[in-house]
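Overview (structure and organization)
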Amino acid sequence: METLSLAPFQGITDVVYRNAFQKHFGGIDKFYTPFFTGIQKDNSKSLRGEEISPEFNDVKTVVPQILSNHADEIIRFANQCKSFGYKEFNLNMGCPFPRVANKTRGCGLMADPERTTAMLNEVCMHVDGIDFSIKCRLGYYSDEEIYSFVDTFNTLPISEIILHPRIGKQMYTGEASLEKFQALIPLINKPLVYNGDVFDVEKYNVVSKMSQAVALGRGLLTNPFLAEEIRMAPKNLTEKKARLHNFVVDLYVERLRHAGGSPKIIGSMKELWKYMMNIFDDPLNVWRKVKKVNHLDEYEQAVELIFNEHNVL
Ligand SMILES: Cc1cc2nc3c(=O)[nH]c(=O)nc-3n(C[C@H](O)[C@H](O)[C@H](O)COP(=O)(O)O)c2cc1C
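Cut-offs applied
Residues numbered from 1 in each chain as written. Predicted model: local features only at pLDDT ≥ 70, side-chain atom pairs only at ≥ 80, totals over all residues. Near = placed C-beta within 6 Å. Helix = DSSP H or I, 4+ residues; strand = E, 2+ residues; numbered from the N terminus. Nonpolar A, V, L, I, M, F, W, Y, C, P; charged D, E, K, R; others polar. Axes fitted to C-alpha atoms, helices over the stretch in contact; angles between N-to-C directions. Parallel < 35°, antiparallel > 145°, perpendicular 65-115°, else oblique. Left-handed = near helix turned anticlockwise from the far one by under 90°. Contact = placed C-beta atoms within 7 Å. Pairing = 2+ DSSP bridges. Core = buried A, V, L, I, M, F, W, Y, C linked by C-beta atoms within 7 Å. Buried ≥ 20, exposed ≤ 12 C-beta atoms within 10 Å, placed from the backbone. Domains from an automatic or database assignment. Expected span 1.5 Å × (residues − 1).

1. Considerations on the site of the ligand
- Of all residues adjacent to the ligand, which total 21 residues, the nearest are Ala7, Gln10, Pro34, Gly217 and Arg218.
- Elements supplying a minimum of two residues to the shell around the ligand: β2 (30-36) and α8 (218-222).
- Considering only residue class, the shell around the ligand consists of eight nonpolar, 10 polar and three charged.

2. Concerning the packing of helix α12 (residues 283-291) against helix α13 (residues 296-309)
- Contact pair α12 / α13: the axes reach a minimum separation of 9 Å and the direction vectors enclose 165°. Compared by their axis directions, α12 and α13 come out roughly antiparallel. α12 and α13 meet at a crossing whose hand is right-handed. Side by side, α12 and α13 meet where Val286, Lys289 and Val290 of the first sit next to Ala302, Leu305 and Ile306 of the second.
- In terms of residue class, the contact of α12 with α13 is built from five nonpolar, no polar and one charged.

3. A few points about the sheet that holds strand β8 (residues 213-216)
- Taken in spatial order, the eight strands line up as β1-β2-β3-β4-β5-β6-β7-β8 and close into a barrel, and their pairing is parallel. The mean angle between the axes of side-by-side strands here comes to 30°, regardless of whether they run parallel or antiparallel.
- The sheet contact formed by strand β1 (residues 3-6) and β8 spans four bridges and is parallel. Residue pairing for β8: leucine 6 is matched across the bridge by leucine 216.
- The strands touched by helix α2 (residues 71-84) within the sheet are β2, β3 (62-66), β4 (88-93) and β5 (131-139), with β4 carrying the most contacts at an inclination of about 150°.

4. Comments concerning the environment of phenylalanine 153
- Relative to the helices and strands, phenylalanine 153 is located in helix α5 (residues 150-155).
- Along the primary structure phenylalanine 153 and leucine 120 are separated by 33 residues, whereas in three dimensions their C-alpha atoms are 9.3 Å apart.
- The contact partners of phenylalanine 153, leaving out residues within four places of it in the chain, are Ile158, Ile161, Ile188 and Lys190.

5. Topic: the nonpolar core
- Formed by 87 residues in total, the largest nonpolar core has its most connected members in Ile66, Phe77, Phe89, Met110, Val214 and Leu216.
- If one sorts the elements of this core by residue count, helix α11 (residues 265-276) sits on top with seven residues.
- Of the domains in this structure, domain 1 (3-231) and domain 2 (237-309) are the two that each give at least three residues to this core.
- Once you skip the residues sitting within four places of it in the chain, phenylalanine 77 turns out to touch Phe36, Ile39, Ile66 and Phe89.

6. So, the packing of α2 against helix α4 (residues 113-126)
- In the contact formed by α2 and α4, the axes pass within 9 Å of each other and the chain directions differ by 35°. Between α2 and α4 the crossing geometry is right-handed. Where α2 approaches α4, its residues Ala71, Ile74 and Ile75 are matched on the opposing element by Met119, Glu122, Val123 and His126.
- For the contact of α2 with α4, the class distribution of residues is five nonpolar, one polar and one charged.

7. A closer look at α11
- The first and last C-alpha atoms of α11 sit 16 Å apart over 12 residues, in line with the 16 Å expected at 1.5 Å per residue.
- Among the structural elements, α8, α10 (237-258), α12 and α13 are those in contact with the buried residues of α11.

8. So, the domain arrangement of the chain
- Domain boundaries assigned for the chain yield domain 1 (3-231) and domain 2 (237-309).
- Distance between the C-alpha centres of domain 1 and domain 2: 27 Å.
- With 13 residues of domain 1 at the contact, the number on the domain 2 side is 17 residues.
- Elements with a minimum of two residues in the side of domain 1 that touches domain 2: α1 (15-24) and α8.
- Sorting elements by how many residues they give to the side of domain 1 that touches domain 2 places α1 first, with five residues.
- Within the side of domain 1 that touches domain 2, the residues separate by chemical class into seven nonpolar, four polar and two charged.

9. With respect to the environment of lysine 270
- Here lysine 270 is to be found in helix α11.
- Of the residues examined, lysine 270 has 14 C-beta atoms within 10 Å and is grouped as partly exposed.
- For the pair lysine 270 and isoleucine 12, spaced 258 residues apart in sequence, the C-alpha separation works out to 9.5 Å.

10. Considering the pairing of β2
- The buried fraction of β2 is high, at seven of seven residues.
- Examined bridge by bridge, β1 and β2 share two bridges and lie parallel to one another. Its bridge partner lying in β2, leucine 6 is registered against phenylalanine 31.
- Pairing of β2 with β3, which is carried by four bridges, proceeds in the parallel orientation. Across the sheet, residue phenylalanine 36 finds its bridge partner in β3, namely isoleucine 66.

If you want it as structure tokens, here you go:
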């Protein structure tokens, strides 16, 4: 049986999204959190909230992710995750945004193999009792950079590598390269998880021939039924629409509760609608309805209008 996971999305797949998703949809085995940063001390503020607390997260299926270029910070994070009961933590070596990557963080780590390898060695020397996985791209400037890491990935006790086969400089342009992914399979002796551009069951069927494990990203944000559709028979459209409606309302109510009623949550709901609009019959019209809202009552009306006027595909 294949493993399906939800790739992390900063600003979208927070604890509220993950829990609402789990309540309304199936098919996902693992949920990576958006990255944590600033773990300067054991009792760092970002590790005290609901985003990582075992009270609000299923430690067996959630995998906390860190964005860092300091072994000490990563080790501290790993130990905290272990003490919370998590089975795995993940290092972000894929974030392509220049303000991150230019500081040798995220995908920028791939452009400095010497420093990064030393850091990974240090982490592995001091972390045990929790799986350590890495999420990366082919490289930052070039798709050859990953080859400098093959030995390190093979020698160190890294549990799995999630590979998004683009380079950082591409951001999300062009296509994820199935050829480059395939070329790396025989070279890497760790489970290699495919991630990139899986928007439908057809594409999944192509990538699952190469990899038993797939991390779904924008495809799942757009169509939260995707993992179920991969694993089970297609749903009837009326049922899909009703379930999607329940999910959207639930997510909104939970976000609102978390934010103490602040209309700021409209921003994160809009971020999700940028993807979710594409599951409807007229995506641009759906987006126009959501885009212009600034107040909670306007948002609620827009959502009702969308579900009254549009069908899901
Ligand atoms: C808005 C946004 C936020 C993201 N945040 C993270 C993150 O926190 N950590 C991470 O490893 N990847 C992050 N990613 C990358 C996705 O997890 C994923 O690797 C990427 O979208 C490619 O997969 P897809 O083509 O299936 O969407 C983010 C991507 C986007 C567009």
